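# Coordinate analysis (summary)
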Amino acid sequence: MRLHEYQAKGLFADAGIPTPDSRLATSVDEVVDAGRDMGYPVAVKAQVHVGGRGKAGGIEIATDEDELREAAESIIGMDLKGYHVDRVLVESAVDFTNELYLGVTLDRGEGEPVVMVSSEGGVDIEEVAAETPEAIAREGVDPAYGLHPFQARKAVYEAGVPGDVARAVSSVLETLYDLWENNDASEAEINPLMVTSEGDVVAADAVMNVDDDALFRHPDLAEMEEESYTDDLERKAGEYGFDYVRLSGNVGIIGNGAGLVMTTLDLVDYYGGEPANFLDIGGGAKAERVANALDMVFSDPNVDSVVFNIFGGITRGDEVARGINDALAQFDEIPKPVVVRLAGTNAEEGMEILNTELVQVERTLEEAVQRAVANAEEGNL
Amino acid sequence: MSVLVDEDTRVVVQGITGGEGKFHAGQMIEYGTNVVAGAVPGKGGQEVDGVPVYDTVHEAVRREDADASVVFVPPAFAADALFEALDTSLDLVVAITEGIPTQDVMTVNRRLSETDTHLVGPNCPGVITPGEAKLGILPGNIFSAGNVGLVSRSGTLTYQVVDNLTKRGIGQTTAIGIGGDPIIGTSFIDALELFEADPDTEAVAMCGEIGGEDEEQAAKFIATEMDTPVAGFIAGRTAPPGKRMGHAGAIVSGSGTGTAESKIEALNDAGVPVGDTPEEVADHIEGFL
């Protein structure tokens, strides 16, 4: 789960990291009011989950009320890389001399956290990492001990951070690490951390990704998740508790187990079709869950054809078949053709139960995918 | 022969009184697995399917001489259960539980590095040596005994590939589902090392997926350390960057690392043919035998 900038900034500020004055707004009038209260210049920043917001026109700086109104009108309601902007953060623009980067993430290869510092902040840090990796100082953290203060200092000095702010930057890095650990984050980043002409540091942006699996022990963060859905189908998937990703094609895909569902997507592509989504019903799904999955996929107007691919282990084929029957029985006419492939635990029982007047049945994965791709092509004619 | 488990493996089931634990303990016993004890705090003295339950893993190990455990403990308590298992010096711990917070697994793995125990998982289907023992939730009936080793990050993909193999008469020595989380105990390399050392394993099927660099590392290991031929499959070719595809580990970063292309290329460079479909993986394995 990715927090919005304003949500992450709130956490950072509460933990003592300096952040600019800011206010969340949902209308042009609210933005203008915020500008009046805060004074100029101010920045208006779209609150959507996309990288490179600035380049895409999602961040503008205004030096007076006319400019601010214009910026607010252009950003609120805009479509930013497929996301509708309904909230902006209005923020005091920081007068800076220097931009730094601070980050904490999990080093999968080492199986431990890593803190990163760069004196080349304010730019795409992935580009820096790819082109001049030496510009980023890294320090691996032993999870048994946490980040030692000396490690924070070491990273800061190795990154070439100016000496007069090194102590302040180290302190921010230690706090960022604590935030990462205490909130079960997978990533916590400040890019840029601005150094002002007075020698203060200010977090001008804030990024935090939280481990979905740990939300049960962070009810405050779980509430933020509800605010963070931007797509109606994703919201619905969240309510049903599915792993769901919407894609651009027209073959709807439902399966059990992430690896098998990904494989089904890949085979749709291999046989010349385009997947409309990734939907994993998970292990041990009961009939109702299967019906919900069909509802999800039928809700996507781009879907012309559906393929069900179930290989039962913990999931039982007869339960799945019952779910498919129940879901389809609600329709006078099935909205889109559905191909079903059942294998594994209780697959034979499932095949006997399955109402073959409502669905098409195939025995192998390859045949099922090819049929679904053919159905989608016909639907497109 | 086999790796990790065989008919002599003595298994304690942690969480045997829960719904999943009880059901799958029964399935394991039915398969012929030597399930000797359960361990559930507060449930000591009970019996499940004739298996004695103890309050602690320590007591289960002491009384029943167990040397492996299978963990069906819910995510919130799973890390503690794994620490307990690691504290008893078992040879093998198989963690089935899905959804354990990543930072919890990180600290478990830190502890694991100080022990000689093999941890398989978490979020995995388990380990099976067909005809001898299964530790986990794999459907026993699709497996058959033979000479192909299988290692996979995904449970259902394991079943798919095994099904393709079994249906053409190719059996397996052992199948290991290592799990799809970003941090896991047994890696591809660990599993490949075990298969390389097993004289009965004549070929290995390896199923990977997008995310991380484990497959790339495994490719290097295969190129330099293995004589046993390996065929591969990589799921997630069509996954868009930045989106998490179910498995916590299955996310491609925008910068090109962890993509299906980079994994397939690394494997091909190591002399490992990669199937476009699971059926093609079986074709390659058949060609090796």
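Please read these numbers as outputs of a predicted model, since none were measured by experiment.

The next subject is the interface of chain B and chain A. Residue-level contacts link 50 residues of chain B with 47 residues of chain A. Across the interface of chain B and chain A, roughly 3,800 Å² is buried in total on both sides, 58% from carbon and sulfur atoms. Viewed at the interface, chain A and chain B are joined by 3 salt bridges. The salt bridge partner of Arg244(B) is Asp212(A), with a shortest N-O separation of 3.8 Å. Scanning the region where chain B abuts chain A turns up 11 residue pairs in polar contact (both at pLDDT 80 or more). The set of elements that each furnish at least two residues to the side of chain B that touches chain A consists of helix H1 (19-31), helix H4 (102-112), helix H5 (155-167), strand S13 (230-235) and helix H9 (278-288) of chain B. Residue composition of the side of chain B that touches chain A, by class: 19 nonpolar, 19 polar and 12 charged.

Next up on the list: the sheet that holds strand S8 (residues 126-129) of chain B. Residue and element names in this part refer to chain B. Strand order in the open sheet formed by 6 strands is S9-S8-S11-S10-S12-S13, and the pairing between neighbours is mixed. Edge strands, defined here as strands with exactly one partner in the open sheet, are strand S9 (133-136) and S13. With direction set aside, neighbouring strand axes in the sheet form an average angle of 15°. The pairing of strand S10 (residues 145-152) with strand S11 (residues 172-177) spans 5 bridges and is parallel. Within S11, the position partnered with alanine 145 by the bridge is glutamine 172. Lying over the sheet, H5 contacts S10, S11, strand S12 (203-209) and S13, oriented at roughly 155° with respect to S10. Relative to S13, helix H8 (residues 260-269) is tilted by about 175°, and along the sheet it contacts S12 and S13.

Bringing the nonpolar core into the picture now. Residues Val94(B), Leu135(B), Val151(B), Leu192(B), Met206(B), Met245(B) and Ile285(B) are the most contacted members of the largest nonpolar core, which totals 97 residues. Per-element accounting of this core gives the leading share, 7 residues, to helix H9 (residues 258-270) of chain A. Other than its neighbours up to four places away in sequence, Leu192(B) contacts Val151(B), Val204(B), Met206(B), Ala218(B), Phe221(B), Ile222(B), Met226(B) and Val230(B). Residues Met224(A), Val57(B), Ala78(B) and Ile183(B) belong to the second largest nonpolar core, which totals 69 residues.

Residue and element names in this part refer to chain B. Along its sequence, chain B is organised into domain 1 (1-123) and domain 2 (139-288). Opposite the 16 residues of domain 1 that make contact, domain 2 presents 20 residues. For the domain 1 and domain 2 pair, buried surface summed over both sides reaches about 1,500 Å², with 58% attributable to carbon and sulfur atoms. Counting across the interface, domain 1 meets domain 2 through 0 salt bridges. Along the contact surface separating domain 1 from domain 2 lie 5 residue pairs in polar contact (both at pLDDT 80 or more). Going through the elements one at a time, H4 and strand S7 (118-120) are the ones with two or more residues in the side of domain 1 that touches domain 2. Considering each element in turn, the side of domain 1 that touches domain 2 owes the most residues, 5 residues, to H4. Partitioning the side of domain 1 that touches domain 2 into residue classes produces 10 nonpolar, 6 polar and no charged.

Residues and elements named next belong to chain A. Together, Glu60, Asp64, Asp66, Glu67, Glu70 and Glu73 line one region of the surface with negative charge. It is helix H3 (residues 65-75) that contributes the most residues to the negative patch, 4 residues altogether. As for its placement among the helices and strands, aspartate 64 is situated in the loop between strand S3 (59-62) and H3.

Now for the sheet that holds strand S6 (residues 92-95) of chain B. Residues and elements named next belong to chain B. One open sheet holds the 7 strands; their spatial order is S3-S4-S2-S1-S5-S6-S7, and the pairing between them is mixed. Of all the strands in the sheet, the pair left with one neighbour each is strand S3 (47-48) and S7. Summarising the sheet, S6 and S7 pair through 3 bridges and their orientation is parallel. The partner of valine 93 across the bridge, within S7, is leucine 119.

This part covers the pairing of strand S5 (residues 68-71) of chain B. Residue and element names in this part refer to chain B. Of the two faces of S5, both are covered, the one formed by Ala68 and Val70 as well as the one formed by Ser69 and Val71. As judged from the 4 bridges shared by strand S1 (residues 10-14) and S5, these two strands associate in the parallel manner. Of the residues in S5, the one forming a bridge with valine 12 is serine 69. In the sheet, S5 pairs with S6 via 4 bridges, with the strands oriented parallel.

Attention shifts here to the pattern of salt bridges. Throughout the structure, instances matching the rule amount to 34 salt bridges over all chains. Residue Glu114(B) is joined to Arg111(B) by a salt bridge in which the shortest nitrogen-to-oxygen separation is 3.1 Å. Note that Arg168(B) and Glu279(B) form a salt bridge whose closest N and O atoms lie 2.5 Å from each other. With Arg168(B) in the loop between H5 and S11 and Glu279(B) in helix H9, this residue pair connects regions lying 111 residues apart in the sequence. Given a relative accessible area of 31%, Glu279(B) falls into the partly exposed group. Among the charged side chains, a salt-bridge network with shared partners connects Glu5(A), Lys9(A), Lys45(A), Arg53(A), Glu91(A) and Asp205(A).

With that settled, the discussion passes to the UniProt feature "binding site: CoA" (unreviewed entry) in chain B. All names here are of chain B. According to UniProt, the "binding site: CoA" (unreviewed entry) feature falls on Thr17, Gly18, Gly19, Glu20, Lys43, Ile96, Thr97 and Glu98. Over a stretch of 82 residues, the named residues are scattered through the fold, their C-alpha atoms separated by up to 23.1 Å. Mapped onto the elements, glycine 19 comes out in helix H1. Residue classification places glycine 19 among the exposed residues on the basis of a relative accessible area of 60%. Within the fold, isoleucine 96 resides in the loop between S6 and H4. The buried category is assigned to isoleucine 96, whose relative accessible area is 9%. Excluding residues that lie within four positions of it along the chain, isoleucine 96 makes contacts with Val70, Val71, Phe72, Asn123, Cys124, Pro125, Gly126, Gly136 and Ile137.

What counts and how
- Residues numbered from 1 in each chain as written.
- Chains lettered and ligands numbered in written order.
- Predicted model: local features only at pLDDT ≥ 70, side-chain atom pairs only at ≥ 80, totals over all residues.
- Heavy atoms only, no water.
- Contact = heavy atoms within 4.5 Å.
- Buried area = accessible area lost by both parts, 1.4 Å probe.
- Salt bridge = Lys/Arg side-chain N within 4 Å of Asp/Glu carboxyl O.
- Polar contact = N/O pair within 3.5 Å; in protein donor to acceptor, adjacent residues only side chain to side chain.
- Helix = DSSP H or I, 4+ residues; strand = E, 2+ residues; numbered from the N terminus.
- Nonpolar A, V, L, I, M, F, W, Y, C, P; charged D, E, K, R; others polar.
- Pairing = 2+ DSSP bridges.
- Axes fitted to C-alpha atoms, helices over the stretch in contact; angles between N-to-C directions.
- Core = buried A, V, L, I, M, F, W, Y, C linked by side-chain atoms within 4.5 Å.
- Buried < 20%, exposed > 50% of the residue type's maximum accessible area, 1.4 Å probe, protein only.
- Domains from an automatic or database assignment.
- Patch = residues over 30% accessible without salt bridge, like charges linked within 9 Å, V, L, I, M, F, W, Y side chains within 5 Å.
- Areas by Shrake-Rupley, 256 points an atom, 1.4 Å probe, with all protein chains shown as cover.
- Lys, Arg positive; Asp, Glu negative; His and termini not counted.
- Charge placed at Lys NZ, Arg CZ, Asp CG, Glu CD.
- UniProt positions renumbered as here; feature names shortened; annotations may be inferred.

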